[in-house]
Amino acid sequence: MADELTSYLYDHFKMTLTPSQKDAVEALHGPICVISCPGSGKTTVTVIRLANLMVKGGVSPQQILALTFSKASAKDMNDRFKSLFPSLANHVKFATIHSFAFHIIRHFEQISGTRYEFIDTPNQMTHSKRQLLASIYLEKSERYLSDDEYEMITGQISLLKNLMIEPHQTKEIKKYVENEVELFIQVYKAYEQKKEANFFLDYDDLLTTAYQILIHQDELRTFYQQRYTHIQIDEAQDTSKIQYELIKLVATPRNNLFLVGDDDQSIYAFRGAYPKQLLDFKQTFKDAQIIYLTENFRSSQNIVEMSSTFISHNHDRYPKEIKTPNPPSSVPVLHHFQTEKEQFTYLIEQLKAIDDLNEVAILYRQNVSAISLIEMLERHQLPFKLQEGKLTFFTHPIVKDVVAFFHLTLNPRDAEAFKRIAKILYLSASVIQQTLAQSESPYLDYLTRQVAFKTAFQRDKIRQFKLNLPKLKDLPPKRGIHFILDTLDYESYLTKRGFIKDEKERVYTQGLAVIETLKSIASETGDIHEFLNRLSHLYQLSHQSSQQMMPAINLLTFHASKGLEFNTVFLVDCMDGITPSSSALNQHLLHEEEEFEEERRLFYVAMTRARHQLQILSVANKHNILFNRSVFVKDVHQILYPKSATESLPQPKRTASGRSISELKSMNLTTSVDLKAYQIGVLIHHQRFGDGTIIDLDGETATIQFEHEQKRISLRITVENGNVSLKSS
């Protein structure tokens, strides 16, 4: 590195670079891939390398294309560059890949006379993406396009376009689209044809159109290849296939391409991130240089060593040994609780003992987990802020549907509520329009009296629905939700849509989690109005909290935590089926590891947000479902305690009987209990839960049916401590 730059950094910022950071800063030409572990100072290294490219490399700023993944990242890079190199700041600008693609399209318009219309902006008055898709959907399905279906279809189209999968590639589409796939293919095909015929572009078309322009316009492609002699990409693991192909095209033939990213932190496959291009960098560019930034300056030695070993269990990655100059701090803590209530009691106790709440984060795999956390923190008057600024829970289709049921029973002429319920009754668009157009009768009255249905089955179903719906307003809200699911047949609709599983035993899905969360909120309210007001209050609370200025606990998903760091981090709800997801676990059992390895990377990202203290929490019973601790928690336990890997995982500090786990372990060494009499069908008595029957055995773990609930307990521990005994007949 140029001596004057080295001196400048030390004199002004007391900054010195490690040997590997120097290697990255001095790598100025050719294809270069920098693999940067969490906390390795990649942003600082990236901006210093850019300055060095100008100072030592003599490259004009106008010839450098500095791209990043998001507007927030671009702003962060620009701010960082300006703070380190104010005299150079006016010459350099970091931009997103989308904004670069937009620039190419505008350039093409100027020289060709072609005019594109962008249909993906908010408040579009003439041609809008929503209107276009709604008309196509109505034509293909004879149904109106709901908000939920619009979000789902646009998300699927965006994913496919980022993966460069076109409408005719039906076999590839079926890998990513499950529900109503034939209808989706028809909609996707018609949507693309309509846009092409009218020169319409949506957000993802910026990438595909810019790529096609450069492929087919030789002079324009040569112009950009000569203009940008050096290209630098941050967060390279987050780039999609189309983004990478566009960048490679511009980099040709010099291939002065500088990628910075971490294959272990690629967590956005659901929106098209394609880490394979990072892993195949050497195959793509034979003379490529790979540089590793493997010193984590963020986290304590305990956290770095544990997380580094944990992520090494993935196979599809660059092998690397991650180290830290930081000393050890507290060993990561694992706690398993019987119920969610116990988990929250422990959390409150821990949070109240922390002085700086700004330096605390509670992370969760699924957005729905935030609702019960918000309720808990509000109840205990602990300030919090949602880093994402919103909760998708309140816009979830099930929440909107349940609210619509309640609104329609309160007001039979509520048009918005009727439109939502209409899709659950499988009404056609023409019937909905006809019903909404009349004003003489409440909507359900009109349906049963004036509409001639094609089948007696549908006619009778709607008549029965009309008779039952008024009963809903007199029920307590929690019973009302059960009534909606069972009597109003909403559960069968959710099963058909894939929100819940149609199996004998309750299987955890995100849809089920939403339903159980609604029940939990409803159980604290006395009537429908109170329930709806409580939902509204929680919604307001979640939005206001993002503006929280005073010190507050940070609440965010694993995904949203990427790039952030905190002194203390709690990971909650760490159970199989949640993290990793059921889908990933099932694929893992079939030795298909792609989804499972991404889930492991996500857990790794969450753990490495912690500087000093990391606590990983799980519960045995949540949403009336019995859960196992996450396979990832078991991996962490084995890493932390290799000599005791065959022992059971740590439990909460105190058991229900008040004895500590260490006391119980010592009892195990000195006492012996005969468990032969504890067989399936045997009656037992539990000091806390009362009388019950053993309905299942897994080794020394029994599932017991009590009067109102099921519990899984360790027979040996509970018998030895006197909590369980055989019930005499």
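Rules used throughout
- Residues numbered from 1 in each chain as written.
- Predicted model: local features only at pLDDT ≥ 70, side-chain atom pairs only at ≥ 80, totals over all residues.
- Heavy atoms only, no water.
- Helix = DSSP H or I, 4+ residues; strand = E, 2+ residues; numbered from the N terminus.
- Buried < 20%, exposed > 50% of the residue type's maximum accessible area, 1.4 Å probe, protein only.
- Polar contact = N/O pair within 3.5 Å; in protein donor to acceptor, adjacent residues only side chain to side chain.
- Core = buried A, V, L, I, M, F, W, Y, C linked by side-chain atoms within 4.5 Å.
- Contact = heavy atoms within 4.5 Å.
- Pairing = 2+ DSSP bridges.
- Axes fitted to C-alpha atoms, helices over the stretch in contact; angles between N-to-C directions.
- Arc of directions from axis to C-beta.
- Phe/Tyr/Trp six-rings, centres within 6.5 Å; stacked < 30°, edge-to-face > 60°.
- pLDDT = per-residue confidence, 0-100.
- Parallel < 35°, antiparallel > 145°, perpendicular 65-115°, else oblique.
- Left-handed = near helix turned anticlockwise from the far one by under 90°.
- Nonpolar A, V, L, I, M, F, W, Y, C, P; charged D, E, K, R; others polar.

**Some details on the environment of Lys471**
(1) Moving on: Position of Lys471 among the secondary structure elements: in the loop between helix 22 (456–468) and helix 23 (477–486).
(2) Moving on: With a relative accessible area of 47%, Lys471 lands in the partly exposed category.
(3) Moving on: Measuring from C-alpha to C-alpha, the distance between Lys471 and Phe483 comes to 9.1 Å, with 12 residues separating the pair along the chain.

**Here we look at the side chain of Ser618**
(1) Moving on: Along the chain, the position of Ser618 falls in strand 14 (residues 610–622).
(2) Moving on: Judged by relative accessible area, which is 2%, Ser618 ranks as buried.
(3) Moving on: At a separation of 2.8 Å, a polar atom in the side chain of Ser618 contacts the side chain of His336.

**Some remarks on the nonpolar core**
(1) Moving on: Counting residues in hydrophobic clusters, the biggest one holds 85 residues, and the most contacted among them are Phe393, Phe405, Leu427, Tyr490, Leu518, Ile553 and Leu555.
(2) Moving on: Apart from residues no more than four positions distant in its own chain, Ile553 is found in contact with Leu351, Leu357, Val360, Ile362, Leu377, Leu382, Pro383, Phe384 and Lys385.
(3) Moving on: In this structure, Phe108, Leu201, Leu214 and Leu249 belong to the second largest nonpolar core, which totals 40 residues.

**So, the sheet that holds strand 19 (residues 710–714)**
(1) Moving on: Strand order in the open sheet made by the five strands is 19-18-17-16-20, with antiparallel pairing throughout. Each edge of the open sheet carries a strand with a single partner, namely strand 19 and strand 20 (724–726). The mean angle between the axes of side-by-side strands here comes to 40 degrees, regardless of whether they run parallel or antiparallel.
(2) Moving on: Across three bridges, strand 16 (residues 683–686) lies against strand 20 in antiparallel orientation. Paired with Ile684 across the two strands is Leu726, which belongs to strand 20.

**Structural notes on helix 20 (residues 429–437)**
Two residues of an α-helix separated by three or four positions point the same way, owing to the 3.6 residues in each turn.
(1) Moving on: Turning to helix 20, its buried residues number three or more, namely Ala429, Val431, Ile432 and Thr435. The arc that holds every buried residue of helix 20, seen down its axis, measures 160 degrees, which confines them to one face. Exposed residues pointing more than 90 degrees away from the buried face of helix 20 are listed as Ser430, Gln433 and Ala437.
(2) Moving on: Summarising the contacts, the buried residues of helix 20 are in contact with helix 6 (129–141), helix 19 (415–424) and helix 21 (443–450).

**Points about the packing of aromatic side chains**
(1) Moving on: Overall, the coordinates contain 29 aromatic pairs when judged by the stated rule.
(2) Moving on: The interplanar angle of 45 degrees and the centroid separation of 5.4 Å between the aromatic rings of Phe337 and Tyr346 together place this pair among those described as tilted.
(3) Moving on: Classification of Tyr346 as buried rests on a relative accessible area of 8%.
(4) Moving on: Ring plane angle 55 degrees and centroid distance 5.9 Å describe the contact between Tyr426 and Tyr493, whose orientation is recorded as tilted. Here the residue Tyr426 occupies a position in the loop between helix 19 and helix 20, and Tyr493 occupies one in helix 24 (residues 490–497), the gap between them amounting to 67 residues.
(5) Moving on: For Tyr493, a relative accessible area of 3% puts it in the buried group.
(6) Moving on: The structure contains a cluster of three or more aromatic residues connected by ring pairs, namely Tyr8, Phe13, Phe81, Phe85 and Phe94.

**Examining the confidence of the model for the protein**
(1) Moving on: In the predicted model, the protein carries a mean pLDDT of 89, and 93% of its residues have values of at least 70.
(2) Moving on: Averaged pLDDT values over the elements of the protein bottom out at 35 in helix 30 (residues 661–670) and peak at 98 in strand 13 (residues 566–571).
(3) Moving on: A low-confidence stretch, residues 652–671 (pLDDT under 50), is modelled with 32 contacts involving residues beyond four sequence positions or located in other chains.

**Regarding the sheet that holds strand 3 (residues 94–96)**
(1) Moving on: Taken in spatial order, the six strands of this open sheet run 3-2-6-7-1-8, and their pairing is parallel. Edge positions in the sheet fall to strand 3 and strand 8 (289–293), since each of these pairs with one other strand and no more. Averaged over neighbouring strand pairs, the angle between their axes works out to 20 degrees when direction is ignored.
(2) Moving on: Strand direction decides the pairing type here: strand 1 (residues 32–36) and strand 7 (residues 257–261), joined by four bridges, are parallel. If you follow Val34 over to strand 7, its bridge partner there is Val260.
(3) Moving on: Across the face of the sheet, helix 4 (residues 71–84) comes into contact with strand 2 (64–68) and strand 3 while running at roughly 175 degrees to strand 3.

**Considering the environment of Gly155**
(1) Moving on: On the secondary structure map, Gly155 appears in helix 7 (residues 147–162).
(2) Moving on: Sequence separation of Gly155 and Phe270 is 115 residues, and the distance between their C-alpha atoms is 9.1 Å.

**Section: the packing of helix 5 (residues 97–112) against helix 12 (residues 241–251)**
(1) Moving on: Running from N to C, helix 5 and helix 12 cross one another at 60 degrees; their axes reach a closest spacing of 11 Å. Our classification of the angle between helix 5 and helix 12 gives oblique. Helix-helix and strand crossings are classified by hand; for helix 5 and helix 12 the assignment is left-handed. On helix 12, the residues that touch Ile97, His98, Phe100, Ala101 and Ile104 of helix 5 are Gln243, Leu246, Ile247 and Val250.
(2) Moving on: By residue class, the composition of the contact of helix 5 with helix 12 is seven nonpolar, two polar and no charged.

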